[in-house]
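# Residue-level structure breakdown
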Amino acid sequence: CAVVVASFRPGPLIYRCLHSLLIQEGVSPPEIIVVDSSADGTAKRLQQEFPMISVIELERQTPQSQARNIGIARTQAQFIAITDHDCVVPPDWLQRLLAWHAQGLYEAVGGAVGNGTPDSAVGTASYLIEFNEFLPTGTPQPVEMIPHCNICFRREVFTKIGPFIESPPGAEDLLYNFLIRQRGGQIFFDPHI
């Protein structure tokens, strides 16, 4: 399994993300690829501080979909998980995603998005508006869409459908999930991941 993280001026948030990826349990250590387009020394700093991960430095700000495509092209892993530089995943994150993939039924498996700003009324309201369908409650089930900050794809998806399509910010996930479903693919959501 590989994990691709697109990064643009992440500040200290990316440290928590990378540390959470490095302590994954129950799976072989994943290949971690950060595609950074900050052009401010972030990529060099990350490579020095995390020599066990691959860092791809881009010279200018790059759309998230394009940065993810660059990271995906760098790996030959059978499964490719994606998260964002401001996300912290639990130690069993990959193990749980891959357990659903082991059933062989799904092109993509994803999980819930937690509230990163629980002490902020405005942040919590924004979270509930954006992620109301992806709260950490409910029953695991097939769905039409999952945000691409907590998702794992079978590699074949990128052969069948192609790379992520550059689109207006916020629409990349919707568009790619639509293409998966249009071609008969299954997307599975487990709110406990």
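The coordinates are above.
The following paragraphs examine the structure supplied in this document. Counting from 1, residues in each chain are numbered in the order their sequence is written. Local features in this predicted model are restricted to residues whose pLDDT is 70 or higher, and side-chain atom pairs enter the listing and the counts only when it is 80 or higher, whereas totals over whole chains, interfaces and linings include all residues. Heavy atoms throughout the structure, all of them, feed into the side-chain values; hydrogens and water do not.

## Some points on the pairing of strand 7 (residues 150–154)
Burial analysis of strand 7 places five of its five residues in the buried class, which makes it a mostly covered element. Burial along strand 7 is two-sided: the face carrying Asn150, Cys152 and Arg154 and the face carrying Ile151 and Phe153 are both buried. In this description, strands pair whenever DSSP reports at least two bridges between them. The way it works is that DSSP assigns letters per residue, a run of H or I at least four long becomes a helix, a run of E at least two long becomes a strand, and they are numbered from the N terminus. In the sheet, strand 4 (residues 79–84) pairs with strand 7 via five bridges, with the strands oriented antiparallel. Residue isoleucine 82 lies in a different strand from strand 7, and its bridge partner there is isoleucine 151. When strand 5 (residues 108–111) meets strand 7, the two strands line up antiparallel, connected through three bridges. Whether a residue is buried, partly exposed or exposed follows from its accessible area with a 1.4 Å probe, protein chains only, as a fraction of its type maximum: under 20%, in between, or over 50%, in that order.

## A look at the layout of surface pockets
Estimated volume of the largest pocket: approximately 1,300 Å³. Think of a 1 Å grid over the protein atoms and nothing else: a 1.4 Å probe that fits but is trapped marks a cavity, an open set flanked by protein within 12 Å on at least five of seven lines marks a pocket, and residues with an atom within 4 Å of a point count as lining. Along the wall of the largest pocket there are 49 residues; nearest its centre are Asp84, Asp86, Cys87, Phe131 and Cys149. Elements represented by at least two residues in the lining of the largest pocket include exactly strand 1 (2–7), helix 1 (13–22), helix 3 (64–73), strand 4, helix 5 (121–131) and helix 7 (172–182). By residue number, the principal contributor to the lining of the largest pocket is helix 5, which donates six residues. Grid points are joined across faces, edges and corners, and a volume is the space filled by probe spheres set on the points.

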